[in-house]
Each structure stands twice: as structure tokens, then as C-alpha cells.
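# Secondary and tertiary structure notes
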Amino acid sequence: MAKLIYGSSQGEEDVIAMLLNHGLSEGLKEKAKKFGVYDKLCGIAEMIGLAC
């Protein structure tokens, strides 16, 4: 979540790689909600073709 909170371009690239390798789990979505970055996570996921 820290990579989304701080919002660097490298962080977003790391999130994309993680989503491509592991998908978008319910647990990850819950953590994103807890840290206030759910919309950002969903935006990145949808950008690479994953439904949020």
C-alpha cells in the first residue's frame, strides 16, 4: 500500500507488476480501502484490464 500512498511512478510500475503476477484479491482491495487508496488501485487495475 505504501507504493500507492506515496504515488511515485516507480511505485505505480511496481503495483502494475504485482497485479499482473498475482491478480487483484479481495484482501488487497480491503487493504487499499483501509489506507484510502482504493480508487487509485482500481484505476491502475482497470488500466491493465482487471475488473475492480
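For the structure itself, consult the block above.
What comes next is a walk through the structure. All figures in this text were calculated on a predicted structure; none of them were measured in a lab.

## A word on helix H2 (residues 9–22)
- Over its 14 residues, H2 runs 20 Å from end to end, which matches the ideal 20 Å to within 8%, given 1.5 Å per residue.
- Taken together, the buried positions of H2 are occupied by Gly-11, Val-15 and Leu-19. Down the axis of H2, the smallest arc covering the buried residues is 75 degrees, so these residues share one side. Away from its buried face by more than 90 degrees, H2 exposes Ser-9, Leu-20 and Asn-21.
- Elements in contact with the buried residues of H2: helix H1 (2–6), helix H3 (26–34) and helix H4 (38–47).

## Notes on the side chain of Lys-29
- Of note, Lys-29 is situated in helix H3.
- Apart from the residues within four sequence positions on either side, Lys-29 is in contact with Leu-24, Tyr-38, Leu-41 and Cys-52.

## With respect to the nonpolar core
- Counting 10 residues, the largest nonpolar core is built from Leu-4, Val-15, Leu-19, Leu-24, Leu-28, Ala-32, Val-37, Leu-41, Ile-44 and Ala-45.
- For this core, the secondary structure elements donating two or more residues are H2, H3 and H4.
- Among the elements that make up this core, the one with the highest residue count is H4 (3 residues).
- For Leu-41, the contacting residues outside a window of four places in its chain are Leu-4, Val-15, Leu-19, Leu-24, Leu-28, Lys-29 and Ala-32.

## Considerations on the environment of Gly-36
- Relative to the assigned elements, Gly-36 resides in the loop between H3 and H4.
- Considering only alpha carbons, one finds Gly-36 and Ala-51, 15 residues apart in sequence, at a separation of 19 Å.

## So, the state of the cysteines
- The tally for this structure, following the rule as stated, stands at 1 disulfide.
- Disulfide partner of Cys-42: Cys-52, at an S-S distance of 1.8 Å. With the S-S dihedral at roughly -45 degrees, the linkage between Cys-42 and Cys-52 falls on the left-handed side. Of this pair, Cys-42 sits in helix H4 while Cys-52 sits in the segment after H4, and the two are 10 residues apart along the sequence.

Conventions and cut-offs
Residues numbered from 1 in each chain as written. Predicted model: local features only at pLDDT ≥ 70, side-chain atom pairs only at ≥ 80, totals over all residues. Heavy atoms only, no water. Helix = DSSP H or I, 4+ residues; strand = E, 2+ residues; numbered from the N terminus. Expected span 1.5 Å × (residues − 1). Buried < 20%, exposed > 50% of the residue type's maximum accessible area, 1.4 Å probe, protein only. Arc of directions from axis to C-beta. Contact = heavy atoms within 4.5 Å. Core = buried A, V, L, I, M, F, W, Y, C linked by side-chain atoms within 4.5 Å. Disulfide = S-S within 2.5 Å.

Any link to function would need more than the numbers given here.
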